[in-house]
Amino acid sequence: MATPLTDQEKRKQISIRGIVGVENVAELKKGFNRHLHFTLVKDRNVTTPRDYYFALAHTVRDHLVGRWIRTQQFYYEADPKRVYYLSLEFYMGRALQNTMINLGLQNACDEAIYQLGLDMEDLEEMEEVAGLGNGGLGRLAACFLDSMATLGLAAYGYGIRYEYGIFNQKIKDGWQVEEADDWLRYGNPWEKDRPEFMLPVHFYGRVDEEDGKEPKWVDTQVVLAMPYDTPIPGYMNNTVNTMRLWSAHAHNDFNLRDFNIGDYIQAVLDRNLTFPFFEGKELRLKQEYFVVAATLQDVIRRFKTSKRNCSGPMSFDSFPDKVAIQLNDTHPAMAIPELMRIFVDIEKLDWDTAWNITKQTFAYTNHTVLPEALERWPVELMEKLLPRHLQIIYKLNQIHLDVTSLFPDDMDRIRSMSLIEEEGGKRVNMAHLCIVGSHKVNGVAEIHSDIIKRDVFRDFSELEPEKFQNKTNGITPRRWLLLCNPGLADLIAEAIGEEYVKDMTQLQKLNDLVDDDAFIRDVQWDNKLKFAQYLEKVYKVDINPASMFDVHAAPGYHMAKMIIKLITSVADVVNNDPVVGRKLKVIYLENYRVSLAEKVIPATDLSEQISIAGTEASGTGNMKFMLNGALTIGTMDGANVEMAEEAGEENLFIFGMRVEDVAEMDKEGYDALEYYESLSELKQAINQIKSGYFSPKQPEMFNDIINMLFHHDQFKVFADHESYVECQERVSALYKDQREWTRVVIKNIAASGKFSSDCTIKEYATEIWGVEPTDLKIPPPSEPWSPLT
Ligand SMILES: *Cc1c(COP(=O)(O)O)cnc(C)c1O
């Protein structure tokens, strides 16, 4: 009854996926059957594919537990500085395969499942994905957790356990419809609830300020924060770190429906980085404070109960030596006034001491310069929800503006640096709060970090230049190569050895293979074939695998729905045109998510990274494509700039204006009509859309898009059009020469080492957090070991 597992047969015995031995396979099979029986209470007559998935997940989880406990014991005994990564999103994707890879169990599990007569891929597909993020920012947090564990850092991810993740996108008649993502419906084998660590979080109330006494926050409403821990295994080092996500539980009369379900779609949309929502959504501010308040209580408990502190008198002087907190964008910014509140109101530190410790503890990562995505909370809302915090922010602002009065005659500068904006209703500028309350501020690619220093936060960087840094984003090679593209990963291991999995700079060795055009061709062909079969199955479209797979990232802003409808309408016309035939197909991949990215990226020939220069902070999709052997057509924006630097500009397809050109154009004014009038192909395309060629039943359907393009296109799409078309001609020419194309592909893969999140995290560790990555390999639980020897 066993079906042949083609992938598996091809997977050679390369130890990047662990060693297969008779013993460990037998043990895994035993564990699998035991869980089927005792955990799932099933026999094989009544099992569903989901049961098989759960049985395997529990079996693999068994191998995590001992390592997890041992790692945490080690942290307790050795008491290293802890790193806390605070994020409102952790876009993790599936855990099963990642766990098998990082524990070195993948080959053995493959063999065990094969011997049991099951199909590993079918099982993997059963895992519900934790959609606790919505794009690059959340995925970055997930890649960072993997790297921090792999580098042996005593790190924790802290966030929210949303009961409903990012919505599932369905396309009906070409339009987007959202469906609730009930990801916890069947239970989640990867988390452990910790009711014993439940903590209260306060909201509303008022500040009691009796004469001569310290202010007190009273009459609050309480929500309980319940922690759920998810293990984060490092790659083959027996380290297992923790991601702790807080879930909201009712207490007294707090209306929890608001918190979790109410206005669900809106709440999910509100998490979108580029959605113009920061006009004061109470639910969102509640969530932001909720995660921060629960996390800081946990951080302080851990600090106080560390072995060192238990023995002597309690002091917070060493706090910044023992705790580093990284703020993933401004979303957890309330941690700054919250830590001040704890220090001053509860721990009774004096203000200046508290402020010095706070500043040395926090660091802030900025993710965008788009004005609509910079958080600004109305003072009125904050006063209602968090009155004591607002007071603290006002006091911080007063002191901060005293400092900035180094420039007494420069009222503009003082106004531009205030934590409180006055124009258009008083609002707290959360980015300013983060800059003032942190010892380091970083952008996420060189060009983005420059823009921050020169432009968006110029006044701040002139005052404290040493505060500002760059940390170019990265991606974990475990998920974004070993997991999603096993054929390529194994081929590389055969060619240059296995070390590259932990040291991606070794990919440079591939430069010796650029003339071996067969090196990668077969793997890419297999990946394309596989993806074509997937499209056939899911979308009922027949694409020619020999055609170029040209992939654009999904738009995520407010015009998204209209643009999606336009894409699907164009697809209807193109895909049914008998003259075009199989030469060109347009497919909108619905419900883009981590597990779909894992399928499409390894099959991609051309990666489109076409933001107008100065608008994409970094991008990480671009890095995944590069590592997996796609060539990039892109502007000199975000990390594309550094990709061109690493691979040589001649090995990317670079087009369009540079940041300086865009700045020049901003001064002189952008007139879309000019381009429309002078570029005949562009004119024809726009006219076709306008005339209803793609929407015959409703010719005006896309008027909003047309209107936007002509009158308020902040991305100036037409301005780069000509250069883009010309660049696509170069792409086509190279694609026809497959040998040359493959040479360039290999050069790109060889140059992608810099974009490992391991490199990024090493830099955060040494240049921001003040901790050292280790090669320490904690022995597995089967071997005796004392943490302090
Ligand atoms: C990597 C990733 C992103 C970020 O991609 P960009 O192209 O950098 O915006 C978004 N969504 C998913 C599912 C990803 O894997």
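One numbering rule holds for all chains: residues counted from 1, following each sequence as written. Predicted model: local features are reported for residues with pLDDT of at least 70 only, side-chain atom pairs are reported and counted for 80 or more only, and whole-chain, interface and lining totals are derived from all residues. With hydrogens and water set aside, each side-chain value is computed from the structure's full complement of heavy atoms.

Caption draft 1: Spatial organisation of the nonpolar core. The definition of a nonpolar core used throughout is a set of buried Ala, Val, Leu, Ile, Met, Phe, Trp, Tyr and Cys residues joined through side-chain atoms within 4.5 Å. The cut-offs for exposure are 20% and 50% of the maximum accessible area for each residue type, with area from a 1.4 Å probe on protein chains only; residues under the lower value are buried, those over the upper are exposed, and the others partly exposed. Formed by 116 residues in total, the largest nonpolar core has its most connected members in M148, F319 and W769. Where helices and strands are cited, they refer to DSSP runs of H or I of at least four residues and of E of at least two residues respectively, numbered from the N terminus. If one sorts the elements of this core by residue count, helix α10 (residues 282-304) sits on top with 11 residues. The contact partners of F319, leaving out residues within four places of it in the chain, are V299, I300, F303, L339, F343, I357 and T361. Core analysis: the second largest hydrophobic core is formed by 70 residues, L596, F655, Y724 and I746 among them. Contacts are assigned to residue pairs that have any heavy atoms within 4.5 Å of one another.

Caption draft 2: Inspection of the site of the ligand at higher detail. Note on definitions. A residue lies near a molecule or strand when any single heavy atom of the residue is within 4 Å of it. Around the ligand, 14 residues are found, and the nearest of them are R593, G619, T620, G621 and K624. N or O atoms within 3.5 Å of each other form a polar contact, as long as, within protein, one can give a hydrogen and the other can take it, and as long as residues adjacent in sequence are counted only when both atoms are side-chain atoms. Here an oxygen atom of the ligand and a backbone polar atom of G621 are 2.9 Å apart. One nitrogen or oxygen atom from the side chain of K624 is found 2.6 Å from an oxygen atom belonging to the ligand. Each accessible area is a Shrake-Rupley result for a 1.4 Å probe, and residues are judged covered by the shown protein chains and nothing else. In isolation the ligand has 380 Å² of accessible area, and contact with the protein removes 86% of it. Among the elements of the structure, α7 (136-150), α25 (594-600) and α26 (621-627) are those that each provide at least two residues to the shell around the ligand.

Caption draft 3: Highlighting the packing of α10 against helix α13 (residues 335-346). As a packed pair, α10 and α13 sit with axes 10 Å apart at the nearest point and diverge in direction by 45 degrees. Put simply, α10 runs oblique to α13. Considering only the axes of α10 and α13, their crossing is right-handed. Seen from α10, the contacting residues are Y289, V292, A293, L296 and I300; seen from α13, they are A335, E338, L339, R341 and I342. With axes taken as lines fitted to C-alpha atoms, and helix axes fitted only over the stretch in contact, angles between N-to-C directions fall between 0 and 180 degrees. In what follows, roughly perpendicular refers to angles from 65 to 115 degrees, roughly parallel to angles under 35, roughly antiparallel to angles over 145, and oblique to any angle outside these ranges. We call a crossing left-handed when the near helix sits turned anticlockwise from the far one by less than a right angle, and right-handed when that turn is clockwise.

Caption draft 4: Representation of the packing of α7 against helix α34 (residues 757-769). For the pair α7 and α34, the least separation of the axes is 9 Å and the interaxial angle reads 75 degrees. The pairing of α7 with α34 is recorded here as roughly perpendicular in orientation. Of the residues in α34, those in contact with C143, F144, S147 and M148 of α7 are S757, D758, T760, I761, Y764 and W769. Residues are grouped as follows: Ala, Val, Leu, Ile, Met, Phe, Trp, Tyr, Cys and Pro are nonpolar; Asp, Glu, Lys and Arg are charged; every other residue, Gly included, is polar. Partitioned by chemical class, the residues of the contact of α7 with α34 number 6 nonpolar, 3 polar and 1 charged.

Caption draft 5: Highlighting a nonpolar patch on the surface. On the surface, a cluster of nonpolar side chains totalling about 260 Å² of accessible area is made up of I399, V403 and L406. In this fold, V403 is placed in helix α16 (residues 387-404). A patch consists of residues whose relative accessible area exceeds 30% and which take part in no salt bridge; residues with like charges are grouped when within 9 Å of each other, and nonpolar side chains (Val, Leu, Ile, Met, Phe, Trp, Tyr) when within 5 Å. The term salt bridge refers to a side-chain nitrogen of Lys or Arg lying within 4 Å of a carboxyl oxygen of Asp or Glu.

Caption draft 6: Broad picture of the side chain of T368. Note that T368 resides in the loop between β12 (362-365) and β13 (376-378). There is a polar contact of 3.0 Å between the side chain of T368 and the backbone nitrogen of L370. When residues no more than four places from it in sequence are discounted, the contact partners of T368 are A373, L374 and H448.

Caption draft 7: Up close: the pattern of salt bridges. All told, the structure shown has 49 salt bridges when counted by the stated rule. Residues joined by salt bridges that share partners form a network here, namely R194, D229, R244, D298, R301 and R302.

Caption draft 8: Here's a closer look at the UniProt feature "modified residue: N6-(pyridoxal phosphate)lysine" (unreviewed entry) in the protein. The sites that carry the UniProt feature "modified residue: N6-(pyridoxal phosphate)lysine" (unreviewed entry) are, in the present numbering, K624. Following the sequence through the fold, K624 ends up in helix α26. K624 has contacts with R139, I475, W480 and I601, leaving out every residue within four places of it along the chain. UniProt positions are given in the numbering used here, feature names are shortened, and annotations may be inferred rather than shown by experiment.

Caption draft 9: Looking closely at the packing of aromatic side chains. Only rings of Phe, Tyr and Trp enter the pairing, Trp through its six-membered ring, and a pair is recorded when the two centres are within 6.5 Å. The plane angle decides the type: under 30 degrees is stacked, over 60 is edge-to-face, the rest tilted. Evaluation of the coordinates by the stated rule reveals 25 aromatic pairs. Ring geometry for Y670 and Y675: centres 5.9 Å apart, planes at 35 degrees, overall tilted. Aromatic rings pair up to connect Y84, Y156, Y158 and W246 into one cluster. By definition here, charges over rings are those cases where NZ of Lys or CZ of Arg is within 6 Å of the ring centre and within 35 degrees of the ring normal. The lysine or arginine in question, R301, covers the ring of F197, its NZ or CZ lying 4.8 Å from the ring centre.

Caption draft 10: Here's a closer look at the environment of Y588. By the secondary structure assignment, Y588 is in the loop between α24 (560-575) and α25. Setting aside its immediate chain neighbours within four residues, Y588 contacts Q169, I171, Y539, I564, I567 and T568.

Caption draft 11: Highlighting the sheet that holds β13. The 3 strands lie next to each other as β13-β15-β14, forming an open sheet whose pairing is antiparallel. A single partner strand is all that each edge strand has here, and the edge strands are β13 and β14 (420-421). Across 2 bridges, the pairing between β14 and strand β15 (residues 427-429) is antiparallel. Pairing of I420 across the sheet is with V428, part of β15. Paired strands, in this sense, are two strands between which DSSP finds at least two bridges.

Caption draft 12: Here's a closer look at the sheet that holds strand β18 (residues 550-552). Spatially, β18-β19-β20-β21 is the arrangement adopted by the 4 strands of the open sheet, whose pairing is parallel. With one partner strand each, in any of the chains shown, β18 and β21 (653-654) form the two edges of the open sheet. Judged from the 4 bridges that link them, strand β19 (residues 606-609) and strand β20 (residues 631-634) form a sheet pairing that is parallel. The residue of β20 that forms the bridge with S607 is T632.

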